[in-house]
Amino acid sequence: MGLTLPDWRQLLSDAGKLTHVNFKAIFPDGSSFQNGSGTPEVTLVFRNRRAMLRTTLFHHVGLVESYFCGDLDVEGSLALAYRIGLDAGLAPPPKGLSRLRNAWHEFRFSNRSLAQAKANARFHYGLGADFYRLWLDVPAMMYTCAYWKEGTRSVEEAQRNKMDHVARKIRLQPGERFVDIGCGFGGFMFHALEHYGALGTGINTTTEQVAWLQGEIRRRSLQDQLKVIEADFREI
């Protein structure tokens, strides 16, 4: 289908000159490429030509999808694999087929309607607290960006930094009331009450998260101080 290994070798050779990471790629026919000598820090194993074709057509998106589908394996540090892509500039603005597919996805799954926005939110965030607890900070379980100021050593600390930073910026005071739109698992609400004495109302369109958060508020006997409403932000 016009996909040849020499093209890939050139692509990887160009990428290899832009990163300090020593990496290796193994192709479906058993041949390989390595950008340096010694033991590679990361090895990309293309299990079949489908992975190579998908990556050729859809670039970094195709590469990640191949990994999700099991057509591509990453041996070694996944973080370093991402580092290679960032160093090599392999995530340009979408064009060609990627741009066309993105446009179709936006048309089909746009958040314009409240119903579709709710479906989208539940698809991503309605997977249950047990799932998110495996890889998010505990106890807040926040999936928005953290604040890694100098000296921060853990994602839990970085998320506390973020919550404190927000509270200081809005000058949150004891007894004040605030609305947390898109409150997730209520991490900021609990933090603001415990550390600033502020009373919060969470807005969340994800049914499963609302149910969990309502239960957690009851478990902590905080019904008089915190509450959560199931709604789209446009409804409030």
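Look above for the structure.
Residues numbered from 1 in each chain as written. Predicted model: local features only at pLDDT ≥ 70, side-chain atom pairs only at ≥ 80, totals over all residues. Heavy atoms only, no water.

K.L.:
Looking at this model, I keep getting lost on helix H5 (residues 114-125). Mind explaining?
P.N.:
Taking 1.5 Å per residue, 12 residues should reach 16 Å; H5 reaches 16 Å between its end C-alpha atoms and fits that length. Those residues of H5 that are buried lie in contact with helix H4 (97-109). (Helix = DSSP H or I, 4+ residues; strand = E, 2+ residues; numbered from the N terminus. Expected span 1.5 Å × (residues − 1). Contact = heavy atoms within 4.5 Å.)

K.L.:
Quick question: what am I supposed to make of the packing of aromatic side chains here?
P.N.:
Two aromatic rings, taken as a pair, are described by how far apart their centres are and by the angle between their planes. Overall, the coordinates contain 12 aromatic pairs when judged by the stated rule. Between Tyr 125 and Tyr 143, the ring centres sit 4.6 Å apart and the planes meet at 5°, which makes this aromatic pair stacked. Here Tyr 143 lies in the loop between helix H6 (129-133) and helix H7 (155-169) and Tyr 125 lies in helix H5, a separation of 18 residues in the sequence. When its relative accessible area of 29% is taken as the criterion, Tyr 143 is described as partly exposed. Where Tyr 132 meets Tyr 143, the ring centres are 5.7 Å apart and the plane angle is 40°; that geometry is what we call tilted. With a gap of 11 residues between them, Tyr 132 in helix H6 and Tyr 143 in the loop between H6 and H7 connect regions that are remote in the sequence. (Phe/Tyr/Trp six-rings, centres within 6.5 Å; stacked < 30°, edge-to-face > 60°. Buried < 20%, exposed > 50% of the residue type's maximum accessible area, 1.4 Å probe, protein only.)

K.L.:
When you look at the side chain of Asp 137 in this model, what are you seeing that I'm missing?
P.N.:
Its place among the elements puts Asp 137 in the loop between H6 and H7. For the buried Asp 137, which has no salt bridge, the nearest side chain bearing the opposite charge is Arg 160, at an N-O separation of 7.0 Å. (Lys, Arg positive; Asp, Glu negative; His and termini not counted. Salt bridge = Lys/Arg side-chain N within 4 Å of Asp/Glu carboxyl O.)

K.L.:
Looking at this structure, I do not really get the pairing of strand S5 (residues 177-181). What am I missing?
P.N.:
Each regular strand displays side chains that alternate between the two surfaces of the sheet. Covered by surrounding structure in S5 are Phe 178 and Asp 180 only, the residues Arg 177, Val 179 and Ile 181 on the alternate face being uncovered. Relative to strand S6 (residues 199-204), S5 runs parallel, the two sharing 5 bridges. Considered in S6, the bridge of Arg 177 is made with Leu 199. Running through helix H8 (residues 187-196), the crossover from S5 to the neighbouring parallel element S6 is right-handed. (Pairing = 2+ DSSP bridges. Right-handed = clockwise from strand over helix to strand, strands pointing away.)

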